[in-house]
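Coordinate inspection notes
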Amino acid sequence: MRIALYKGTSIVSRIIKFFTRSEYSHVAIILDNDKVIEAWNGTKDKLIFKRTKDLLTNLSTDHTPDTEVEIYELPIPIDVRVKAFDFYNAQVVKKYDLAGALGQPLFIIKTHDKNKWFCSELLVEGLIQGGLHRKDLDSSKVSPGDIPRLFSLAYVKTLRTI
């Protein structure tokens, strides 16, 4: 399973990076066929399932041009990956959780709504639903910057959005 960690430059990205003390502002899930699922406050205010075959185009759509994106392999058992991908695909029609995305780094307590997701919450919840059980995982409290600290990631490459 691969993920993309964004070093965003927008105002919202800078707020997230500042309050989470991280270089990362966003995370996206890369499926085996280079399709991308991400919780993103894009033009349709929904989770966006990009259906093109070009990974760079998938990672760039709705993002600030020239944003640095690091690609990592997240080694997880195949059975967890399959169940996680099923979970991610089932979430595509759900809304983006802007309050959760901004509330998490600002330490604002909120009740989680399973019909809305922010990026790192979606990634981690899929892993939990896939069967990855760790006591230190609460999907609603994970920021993009927490991902490298929580998981053993293998660096693949760095891209820049177009």
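Above this text sits the structure in question.
Owing to the predicted nature of the structure, the values given are computational and were not obtained by experimental measurement. (Residues numbered from 1 in each chain as written. Predicted model: local features only at pLDDT ≥ 70, side-chain atom pairs only at ≥ 80, totals over all residues. Heavy atoms only, no water.)

1. Considering the environment of Ala84
Considering the arrangement of structural elements, one finds Ala84 in helix α3 (residues 78-91). Sequence-distant contacts of Ala84, that is, excluding residues within four places in its chain, are made with Gly126, Leu127 and Gly130. (Helix = DSSP H or I, 4+ residues; strand = E, 2+ residues; numbered from the N terminus. Contact = heavy atoms within 4.5 Å.)

2. Examining the nonpolar core
Met1, Tyr88, Leu123, Leu127 and Phe151 are the most contacted members of the largest nonpolar core, which has 33 residues in total. Within the residue set of this core, elements represented by two or more residues are β1 (2-7), β2 (26-30), α3, α5 (119-130) and α6 (147-150). Contacts of Met1, omitting those with residues within four sequence positions, involve Ile29, Tyr72, Glu73, Leu74, Ile76, Arg81, Phe85, Tyr88, Leu123 and Leu127. In terms of nonpolar packing, the next biggest core, distinct from the first, is built from ten residues, Ala4, Ala28, Val36 and Ile71 among them. (Core = buried A, V, L, I, M, F, W, Y, C linked by side-chain atoms within 4.5 Å. Buried < 20%, exposed > 50% of the residue type's maximum accessible area, 1.4 Å probe, protein only.)

3. Remarks on the pairing of β1
In terms of burial, β1 is a largely internal element, six of the six residues being buried. Alternating positions in β1 separate into two faces, Arg2, Ala4 and Tyr6 on one and Ile3, Leu5 and Lys7 on the other, with burial throughout. Bridge analysis of β1 against β2 gives five bridges, and the strand direction is antiparallel. What sits directly across from Leu5, in β2, is Val27. (Pairing = 2+ DSSP bridges.)

4. Concerning the pattern of salt bridges
Overall, the coordinates contain eleven salt bridges when judged by the stated rule. Glu68 serves as the salt-bridge partner of Lys7, at 3.4 Å between the closest nitrogen and oxygen. Highlighted residues: Lys7 in strand β1 and Glu68 in strand β5 (residues 68-73), separated in sequence by 61 residues. Looking at Lys7, the relative accessible area reads 18%, which means it is buried. For Asp32, the salt bridge goes to Arg81, with nearest N and O atoms at 3.2 Å. On the criterion of sequence distance, the pair formed by Asp32 in the loop between β2 and β3 (36-38) and Arg81 in helix α3 is long-range, its members being 49 residues apart. Salt bridges sharing common partners tie together Lys7, Glu23, Asp66, Glu68, Glu70 and Arg160. (Salt bridge = Lys/Arg side-chain N within 4 Å of Asp/Glu carboxyl O.)

5. Comments concerning the packing of α3 against α5
Axis separation between α3 and α5 bottoms out at 7 Å; the angle between their running directions is 130°. In this view, α3 runs oblique relative to α5, as classed from their interaxial angle. By crossing handedness, the relation of α3 to α5 is classed as right-handed. On α5, the residues that touch Asp79, Val80, Lys83, Ala84, Phe87, Tyr88 and Gln91 of α3 are Leu122, Leu123, Glu125, Gly126, Leu127, Gln129 and Gly130. A per-class count over the contact of α3 with α5 returns seven nonpolar, four polar and three charged. (Axes fitted to C-alpha atoms, helices over the stretch in contact; angles between N-to-C directions. Parallel < 35°, antiparallel > 145°, perpendicular 65-115°, else oblique. Left-handed = near helix turned anticlockwise from the far one by under 90°. Nonpolar A, V, L, I, M, F, W, Y, C, P; charged D, E, K, R; others polar.)

6. So, the pairing of β5
With six bridges joining them, β1 and β5 adopt antiparallel strand pairing. Paired with Arg2 across the two strands is Glu73, which belongs to β5. With six bridges connecting them, β5 and strand β8 (residues 154-160) associate as antiparallel partners. Within β8, the position partnered with Val69 by the bridge is Leu159.

7. Thoughts on the side chain of Lys17
For Lys17, the location among the structural elements is in helix α1 (residues 11-20). Within the buried core, Lys17 has no salt-bridge partner, and the shortest N-O distance to an opposite charge, that of Glu23, equals 8.1 Å. (Lys, Arg positive; Asp, Glu negative; His and termini not counted.)

8. Considering the side chain of Ser25
Within the secondary structure layout, Ser25 lies in the loop between α1 and β2. A polar atom in the side chain of Ser25 sits 2.9 Å from the backbone nitrogen of Gly8. Of the polar contacts made by the side chain of Ser25, one reaches the side chain of Ser13; its length is 3.4 Å. Setting aside its immediate chain neighbours within four residues, Ser25 contacts Tyr6, Lys7, Gly8, Ser13, Ile16, Lys17, Cys119 and Pro144. (Polar contact = N/O pair within 3.5 Å; in protein donor to acceptor, adjacent residues only side chain to side chain.)

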